[in-house]
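Structure assessment
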Amino acid sequence: MSLTPCYHCGDPCDKNSINFDEKVFCCNGCKTVYEIFSENELTCYYDLQQSPGAIPTEIHGKYDFLEQEDIIDKLIEFGDETIQIATLYIPHIHCSSCIWILENLNKLNPEIVDSQVNFGNKTVRLTYRTDKISLKDAVILLSSIGYEPYISLENLETGKKKIDRRIIYKLGIAGFAFGNVMFLSFPEYFEVNEFWLEKYKHLFRWIMFAYSLPVVFYAAQDYFRSAYKGLRSGLLNIDVPIALGILVLFLRSTIEIMFDLGSGFFDSLTGLVFFLLLGKFFQQRTYNFLSFERDYKSYFPIAITKIEDGNETPIQVYEIVEGDRLLIRNQELIPVDAILIKGDAMIDYSFVTGESVPVMKQSGDKLYAGGKQISGVIEIETLKTVEQSYLTQLWSNDVFKKDKEALFANLTDKLSKHFTRVILLIAFVSGLFWMFYDPSKVMNVVTAVLIIACPCAIALSAPFTYGNLLRIFGKLKFYLKNASVIEQLSTIDTIIFDKTGTITANNKSEAFYDGIELSSEEEKLLKSTLRGSNHPLSRSLYDMLEAQDIVSLSSYNETPGLGIEASHDRSLMKVGSAEYVGIEDDMEELNTEVHISSNNKYKGKFTFFNSYREGLSRLFNSLRDDYHLAVISGDNEGERKNLEKLLPTSTKLIFNQKPEDKLEYIAFHQKEGSRIMMIGDGLNDAGALAQGDVGVAVSENINVFSPACDAILDASVFNHIDAFLSASKSAIKIIKWSFFFSFLYNIIGLYFAVTGRLEPVIAAILMPLSSISIVVFTTVATNYVGRRLVKRNKL
Amino acid sequence: MSVIYILLAISIIVAIVFFAAFIIAVRRGQYDDSYTPSVRMLFEDELVKDKSDKSIETNKD
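Residues numbered from 1 in each chain as written. Chains lettered and ligands numbered in written order. Predicted model: local features only at pLDDT ≥ 70, side-chain atom pairs only at ≥ 80, totals over all residues. Heavy atoms only, no water.

1. Describing the overall build of chain B
- Each helix and strand counted, chain B has 3 helices and 0 strands in total.
- Shown N-terminal to C-terminal, the secondary structure of chain B runs as helices and strands in the order α-α-α.
- In chain B, which comprises 61 residues, the proportion classed as buried is 21%.
- Counting only carbon and sulfur atoms, one obtains 66% of the accessible surface of chain B, whose full area is about 4600 Å². (Helix = DSSP H or I, 4+ residues; strand = E, 2+ residues; numbered from the N terminus. Buried < 20%, exposed > 50% of the residue type's maximum accessible area, 1.4 Å probe, protein only. Areas by Shrake-Rupley, 256 points an atom, 1.4 Å probe, with all protein chains shown as cover.)

2. So, the interface of chain B and chain A
- Contact with chain B, which involves 29 residues of that partner, is made by 32 residues of chain A.
- Between chain B and chain A, the buried area comes to about 2700 Å², and carbon and sulfur atoms account for 65% of it.
- Counting every contact that joins chain B to chain A gives 1 salt bridge.
- Across the pair Glu103(A) and Arg40(B) runs a salt bridge whose closest N-O atoms are separated by 2.7 Å.
- Remark: the boundary between chain B and chain A carries 6 residue pairs in polar contact (both at pLDDT 80 or more).
- Elements represented by at least two residues in the side of chain B that touches chain A include exactly α1 (3–27), α2 (36–40) and α3 (44–60) of chain B.
- Among the elements that take part in the side of chain B that touches chain A, α1(B) stands out by supplying 11 residues, more than any other.
- In terms of residue class, the side of chain B that touches chain A is built from 16 nonpolar, 4 polar and 9 charged. (Contact = heavy atoms within 4.5 Å. Buried area = accessible area lost by both parts, 1.4 Å probe. Salt bridge = Lys/Arg side-chain N within 4 Å of Asp/Glu carboxyl O. Polar contact = N/O pair within 3.5 Å; in protein donor to acceptor, adjacent residues only side chain to side chain. Nonpolar A, V, L, I, M, F, W, Y, C, P; charged D, E, K, R; others polar.)

3. With respect to the pairing of strand β21 (residues 571–576) of chain A
Residue and element names in this part refer to chain A.
- With 6 bridges connecting them, strand β20 (residues 563–568) and β21 associate as antiparallel partners. Pairing of histidine 568 across the sheet is with serine 571, part of β21.
- A loop of 2 residues connects β20 with β21, the two strands running antiparallel in sequence, and aspartate 569 in this loop sits at a positive phi of about 50°.
- The pairing of β21 with strand β22 (residues 592–598) spans 4 bridges and is antiparallel. Across the sheet, the residue bridging to lysine 574 is serine 597, located in β22. (Pairing = 2+ DSSP bridges.)

As structure tokens, then:
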């Protein structure tokens, strides 16, 4: 049976659907949003894109903290008595309808003067009249139409971010100078000895010189800086020969025009810098909307409700001190380690551990920071401040301060070490030769060698290959932090997986029944009993059981944390823990179980298993020949047997690992020379992800949560990891080939240089030609790899 | 032939004017978001349609 999708959010509508205005809605929330839009003549929202909406969330009291002046001050960009401007991050922004509705907010509330969406960053910039509405009103309005902004502790700290536009300026200047210099040096290419050209060529040359000044001293300064840094730490990185080339080009050209020796190489100089910057620009463009640097701050709320003498006041999370009474509402995150005082807690630790089944807690139990309360309101008493809590302390580990990219000697740098030496040697030898043969040409030859050998093509190979592959991976839902991750991926020899939430699917669990078969009457009663309960286990069991006619229960009684008792027609059913149902639990409780008894007779139990992601076996089997594999889990050994059945025997299975243990395990193997890729998901893997040579976070919804990592993998392509790894190996091959081509160009150029016949026109042809052909080659080759990746794996 | 000085001066001035325009555009953030404007541009029609809907309604009234 196919279900009609909801007109607003596109979710399949079940029996509880609502018909309104000849449209079907899955819930009241969606209908309300539609009503708001249709009242304000904004139904065009549904024409641009089908079912673009999201179900509005319950936010009662959640944004009370936005009434506090000091919090508002930190969140807004600009504010005076009448106008405030704030930029809010809205994860739901995903289509043109979203842009349209958010930019027409002033139709819903005329006090919002202007709203502008940045689709790439998933933000909306609101300008509103403060005398009429507050930031809180604006946020509530957004939430009520299903665009709830995401405000976390991180917003408070970073505040106003400055956008770094330097690369665009530099690229602009280099491109501008390149074009103009090209145009001015054109007459000289053809060596026409016309009278007026002879007369004005000095003027032309000095104008070219003027154009090249900002290029050398502003646009190219990063290369000088990086070369200087490299030399100081004894590294011959690729920027050393580049900086040398630029410097020699500039000095020689200046001397040439000063003493009227020739026209100089200003065209090649500006062109070179332009192409190099283009490569840099290409490599730098990554995903604005994803953050790879997240720590606990981006998960935690800004403020929380404190209870003092019966009054509820919002306070900032950093102001929480030991002993504070806090109120946690449904769907709110617990920011500190605490003790449960009042209410029934159902804590979802899936952000932390990846475990999707919530944990039941009773008053007096200890709650750890990072859990999300998912049933009703609770009161807790703080044990530790935010910084001292168990989870947040993980971030004080040194591993988070390490810059992985800087430590990694990449392919280009490795090559440039030899390259620079060879070039210097050639320059020296040819200089020596000309010293005896024709001393007047020594300077000419030596500088020509350094100019022509400037490794523009080599420097461009990696940025364009990685940059393009990065985009291809991104389209296939594997998002890398930066281009160097691809190279790191290709060198990996060990892959370590987290268990819960990584190799198991978060939203699915399976249950197997073990015991006396239930009669159809009993099945009916069981389903009806479960229907009334909000416990997550009841919910998932209810969804798993076959559809039954629902019978009306004559009695129903739920004991939180233990189980449910219900009766119908003189038959009594008890569902819950072993103790509740009245049997001795002989097994050590390793698995999540739900026991059932009918008329006080024990029937059996449902055992919940994490369901593993599809294609897991295939993935491990295809990886096992090339990589060492391990599964490392914070859970107990309950799943060991299942995993042993599923995975190749060479896979190491390690259980009962604390977050620090995972980190240590990786560090230990790295010391032994392994290069490790860690694949995890929860916050508790954050340390391991940072320690691994490549840390990959698996995420069911890439817009919402993922810990700090080098790459984010959408869960739907999890079973294609092997394909991504092999594609990154192909990238290395492409780069090696383009190195080979650049050498060919260099050899041709060196022939001219060593024989002392390097004319500016040859340099002006050879340098852009080599750069452009390398760019074309790498782009075509990576596109081919990308297409093969898609075809072979049916992505 | 000294007209070349004038021509050169003009060419440089024109080039610099465009360059300055580019720098100002970058500075004002026109290059920060290269996607949304391309979508926003297409919404002009939707807004007109919206208005015409209103006029139809007022006609009915």
